[in-house]
Amino acid sequence: MYHRLGEVILRTEERMEVGVITAPDVPHAEEMKQFLGHKPGNYKWHIERCVIEVLDALETRFYVGKLDGHVITNIMTVEYEGVGILGHVFTLPEQRRKGAAKGVMAYQMEDFRQRTGTALYLGTGYNSHPYYIYHSFGFESVFPESGFMKYHVNEDFEARYFTPTPAHPKPVEWHDWPKVTALSGIVGWDTLRSLKWGVYGPTNLEGGFLSFKHDLETEDVYNDAKLLIASSGAIVGWATVGRDARWQPATAVLDLFFHPNFVDNVPELLSAVAFPASKVQCYVDGGAEKKAEVLETAGFTCEGRFKDQFTYSGQHYDVLVFARG
């Protein structure tokens, strides 16, 4: 469905129509697939699917600027229950430096607020020209000198969103995408968050979740994956287990991450995971004491410690190896 939002007068005095395409939308499907056809791998996989089919409850919107009825610039958001990721900001090369993308973003941000959105996340280069454009619309670095940016309608978003409530495990669905990014963006907790996804510290999972979801749907890589969802709707933990191809015979690797307010619910999350018969290992940074305690309670044993195994933000970290089976 296409909805006209308004009009922007570009620096060239051209009048650009601004609208939003809510996917799926067959009339615009081919145009959007071609317009964003340069996107690599799993990004392209999502675009090609969302324009023609419903992906669980995920809300994909393409905010576009049109000249003479043709799309010249785009900003995509993927959202669910007021939490979203902003990406695929692209303007045709011959249409740049006219203020097209900035004009579309003004409408996009207002539409997000009007729909009672609460949080948006994006990734860009720190201290770059786009960084300051996003900053002018209210985005700020998730942590100092980072291109991972957040926009919270209310300053206390995280305190409210992650307020302790009952929680339970669930399977992974498309609409978990933005909410998993809200979880992966928390600051001041475990550093090694997912060895399989390469998540160290607060991270934008725009691409990471897509790779994970693609593997879940198309390859026999993950034996199982569960998320922990609070009664408020927030995703507050993940547990994934799959083959660790570095070893023969193959062992499995468990990645476990959760918000500190929900540590008491993590044993139930682990109980919901279908572990393989093979040996399962979980790698835990030396400062993740709560995670180590949860694993021990769940029957994992610490097999050893790797000294100064990785460096993050100038700090060296030991890694503990927990195993079962």
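Residues numbered from 1 in each chain as written. Predicted model: local features only at pLDDT ≥ 70, side-chain atom pairs only at ≥ 80, totals over all residues. Heavy atoms only, no water.

This part covers the packing of helix H2 (residues 41-50) against helix H7 (residues 206-218). Where H2 meets H7, the closest approach of the two axes is 9 Å, and the angle between their N-to-C directions is 70°. Comparing the axis directions of H2 and H7 gives the class roughly perpendicular. Of the residues in H7, those touching H2 at Asn42, Tyr43, Trp45, His46 and Arg49 are Glu206, Gly207, Leu210, Ser211, Lys213, His214 and Glu217. Each residue belonging to the contact of H2 with H7 can be placed in one class, and the counts come to 3 nonpolar, 5 polar and 4 charged. (Axes fitted to C-alpha atoms, helices over the stretch in contact; angles between N-to-C directions. Helix = DSSP H or I, 4+ residues; strand = E, 2+ residues; numbered from the N terminus. Parallel < 35°, antiparallel > 145°, perpendicular 65-115°, else oblique. Contact = heavy atoms within 4.5 Å. Nonpolar A, V, L, I, M, F, W, Y, C, P; charged D, E, K, R; others polar.)

The next subject is the environment of Gly99. Relative to the helices and strands, Gly99 resides in the loop between strand E5 (83-91) and helix H3 (100-114). Residue Gly99 is classed as partly exposed on the basis of its relative accessible area, which comes to 22%. Put simply, Gly99 and Thr311 are 212 residues apart on the chain and 40 Å apart in space, counted from C-alpha to C-alpha. Setting aside its immediate chain neighbours within four residues, Gly99 contacts Leu10 and Arg11. (Buried < 20%, exposed > 50% of the residue type's maximum accessible area, 1.4 Å probe, protein only.)

Counting buried residues along strand E14 (residues 251-258), 8 of its 8 residues qualify, which places the element largely inside the surrounding structure. The pairing of strand E13 (residues 235-244) with E14 spans 8 bridges and is classified as antiparallel. Paired with Ala239 across the two strands is Leu256, which belongs to E14. Two successive antiparallel strands, E13 and E14, enclose a turn made up of 6 residues. Note that E14 and strand E15 (residues 280-285) share 3 bridges and pair parallel. Pairing of Ala252 across the sheet is with Val280, part of E15. Handedness of the crossover joining E14 and E15 through helix H8 (residues 266-272): right-handed. (Pairing = 2+ DSSP bridges. Right-handed = clockwise from strand over helix to strand, strands pointing away.)

This part is about the side chain of Asn74. Along the polypeptide, Asn74 turns up in strand E4 (residues 70-80). Of note is the side chain of Asn74, whose polar atom sits 2.9 Å from the backbone oxygen of His88. When neighbours within four sequence positions are excluded, Asn74 is seen to be in contact with Met32, Phe35, Leu36, Phe62, Tyr63, Val64, His88, Val89 and Phe90. (Polar contact = N/O pair within 3.5 Å; in protein donor to acceptor, adjacent residues only side chain to side chain.)

Turning our attention to the packing of helix H6 (residues 177-184) against H7. One way to put it is that H6 packs onto H7 with a least axis distance of 9 Å and a crossing angle of 125°. Judged by the angle between their axes, H6 and H7 are oblique. The element H6 and its partner H7 pack so that their crossing is right-handed. Contacts between H6 and H7 involve Trp177, Val180 and Thr181 from the first element and Glu206, Phe209 and Leu210 from the second. In the contact of H6 with H7, the residues fall into 4 nonpolar, 1 polar and 1 charged. (Left-handed = near helix turned anticlockwise from the far one by under 90°.)

A few words now on the pairing of strand E8 (residues 148-152). The side chains of a regular strand alternate between both faces of the sheet. Of all 5 residues in E8, 5 are buried; the element is thus mostly enclosed. Burial of the side chains of E8 extends over both faces: Phe148, Lys150 and His152 are buried on one face and Met149 and Tyr151 on the other. Here 5 bridges tie strand E6 (residues 119-123) to E8, and the two strands are oriented antiparallel to one another. Looking at the pairing, Leu122 lines up with Met149 of E8. In sequence, strand E7 (residues 140-141) turns back onto E8 through a hairpin of 6 residues, with Glu145 there showing a positive phi of about 60°.

What follows deals with the side chain of Asp318. Here Asp318 is to be found in strand E17 (residues 315-324). Polar contacts involving the side chain of Asp318 include one to the side chain of Arg305, which spans 3.0 Å. A polar contact of 2.8 Å, which involves the side chain of Asp318, links it to the backbone nitrogen of Asp308. In contact with Asp318, other than residues within four places in its own chain, are Val284, Asp285, Gly286, Arg305, Phe306, Lys307, Asp308 and Gln309.

Listed in full, the buried residues belonging to helix H1 (residues 26-35) are His28, Ala29, Met32 and Phe35. End-on, the buried residues of H1 take up no more than an arc of 145°, which puts them together on one face. Away from the buried face of H1 by more than 90 degrees, exposed residues Val26 and Gln34 are located. Packing partners of the buried residues in H1 comprise strand E1 (2-9), strand E2 (15-22), H2, strand E3 (59-67), E4 and E5. (Arc of directions from axis to C-beta.)

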